[in-house]
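Remarks on the overall topology
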Amino acid sequence: MAADSDATGELEALERTVMGEIAAAGDEQALEAVRVAALGKKGSVSQKLKTLGAMTPDERRVMGPAINGLKERVGEAIAARRAALHGEAVAARLAAETVDVTLPVRQSPAERGRIHPISQVIDEISAIFGDLGFAIAEGPDIETDHYNFTALNFPVGHPAREMHDTFFFPADATGERKLLRTHTSPVQIRTMEAQEPPIRIVIPGKTYRQDSDATHSPMFHQLEGLVIDRTATVANMKWVLEEFCKAFFEVPQVTMRFRPSFFPFTEPSLEVDIQCDRSRPGEVRFGEGSDWMEILGCGMVHPNVLRFGGLDPDVYQGFAWGMGIDRLAMLKYGMPDLRAFFDADVRWLAHYGFRPLDMPTLFGGLST
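About the thresholds
Residues numbered from 1 in each chain as written. Predicted model: local features only at pLDDT ≥ 70, side-chain atom pairs only at ≥ 80, totals over all residues. Heavy atoms only, no water. Helix = DSSP H or I, 4+ residues; strand = E, 2+ residues; numbered from the N terminus. Buried < 20%, exposed > 50% of the residue type's maximum accessible area, 1.4 Å probe, protein only. Contact = heavy atoms within 4.5 Å. 1 Å grid on protein atoms, 1.4 Å probe; cavity = no way out; pocket = protein on both sides within 12 Å on 5 of 7 lines; lining within 4 Å. Points joined across faces, edges and corners; volume = space filled by probe spheres on them. Nonpolar A, V, L, I, M, F, W, Y, C, P; charged D, E, K, R; others polar. Phe/Tyr/Trp six-rings, centres within 6.5 Å; stacked < 30°, edge-to-face > 60°. Lys NZ or Arg CZ within 6 Å of the ring centre and 35° of its normal. Polar contact = N/O pair within 3.5 Å; in protein donor to acceptor, adjacent residues only side chain to side chain.

On to the environment of glutamate 283, then. Checked against the element boundaries, glutamate 283 lands in the loop between β7 (266-277) and β8 (285-286). Taking relative accessible area as the criterion, glutamate 283 reaches 31% and is therefore assigned partly exposed. For the pair glutamate 283 and aspartate 100, spaced 183 residues apart in sequence, the C-alpha separation works out to 42 Å. Each residue touching glutamate 283, except ones within four places of it in the same chain, is listed here: Asp277 and Arg278.

In structure tokens form, the structure reads like this:
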């Protein structure tokens, strides 16, 4: 009887200890540690159950129910404490994650996203010239000297071939030095080689020159245009450029001034100014005012360029023009610094960017 009394006392002491640890558990992880320490394979209560095999039948009749009862009570206490801790955790999470139902609903990614102004302007240009019957042409950014210079009537020794203008690559095994194209004009030659006239293309794309300041970037975007057929004239070219400027700047009328100039790949060559009003600080208005702003260069395709393209200049003639897409975007949308185009500043893009689902069209409006 004394032995039974001692064993019962040990069980009561163990129960008090385990119950105290259960009550003190502050979270479910601590409670799980208590469960393993008490009811695990090597737990304190489990070890008591293992002692039943060494007891006499009389001792087992007394201690068996006592130890199993302790096991059940500990299990029930752990389950109750786990439920309480779970409820406390849910209540704490609800308190921490309160929702202010008066806040506005967050916009979807399609509504928050913005199209970069350069992409927008390229889409606008494509819409305008597509309506005029032009196709979009593309070419590689890495070009050969032949396509970038020689086939465009740049003589050997021309300053544009020098390192201060052009990004050259190291010479290959054959001694040829490729380069990052300095203009989109090489696509003119590639198109003439691959397509029979009539040709009506515009070529938007990246170009590269060693220059960097508020209005110049080592990588910039250029638009090239080319028309080749048997009867293309300067008058046709002037009409195309005037229609483009009216549509792009969204004005009913523009006044353009054509000045003689020089480009190796056109003859005659012209620079084009457009009438504008710059009386308001930081603002340029086209189709009005008394100021002039240079906007592009153009001319009739040089006979040598036609020959390099595989065409007979006695049969075919054409005109071409080129302008900076970045500069067009700056003029139309009032952006003062070209460098911001490439800073990847989300705040700048949120201010100057365009909604992704508002595709520019001539009938719906280019910049709506």
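To continue, consider the layout of surface pockets. Approximately 1300 Å³ is the volume attributed to the largest pocket. Considering the residues around the largest pocket, the lining is formed by 50 residues, among which Arg209, Phe220, Gln222, Met323 and Gly324 are closest to the centre. Those elements giving two or more residues to the lining of the largest pocket turn out to be β5 (219-229), β6 (256-263), β7, β9 (291-301), β10 (317-324) and α11 (325-333). Looking at the lining of the largest pocket residue by residue, the classes come out as 21 nonpolar, 18 polar and 11 charged.

In the structure shown here, the tally under the stated rule is 15 aromatic pairs. Seen from their ring centres, phenylalanine 129 and phenylalanine 134 are 5.3 Å apart, and the 70 degrees between their planes marks the pair as edge-to-face. Using a relative accessible area of 0% as the deciding quantity, one classes phenylalanine 129 as buried. Judged by its relative accessible area of 10%, phenylalanine 134 is buried. Across from the ring centre of tyrosine 147, 4.1 Å away, lies the NZ or CZ of arginine 190, which sits over that ring.

With respect to the helices and strands, the residue lysine 246 is situated in helix α9 (residues 234-249). Residue lysine 246 is classed as buried on the basis of its relative accessible area of 17%. Reaching out from lysine 246, the side chain makes a polar contact with the side chain of glutamate 243 at a distance of 3.1 Å. Setting aside chain neighbours within four positions, we find lysine 246 in contact with Val251, Pro252, Gln253 and Val254.

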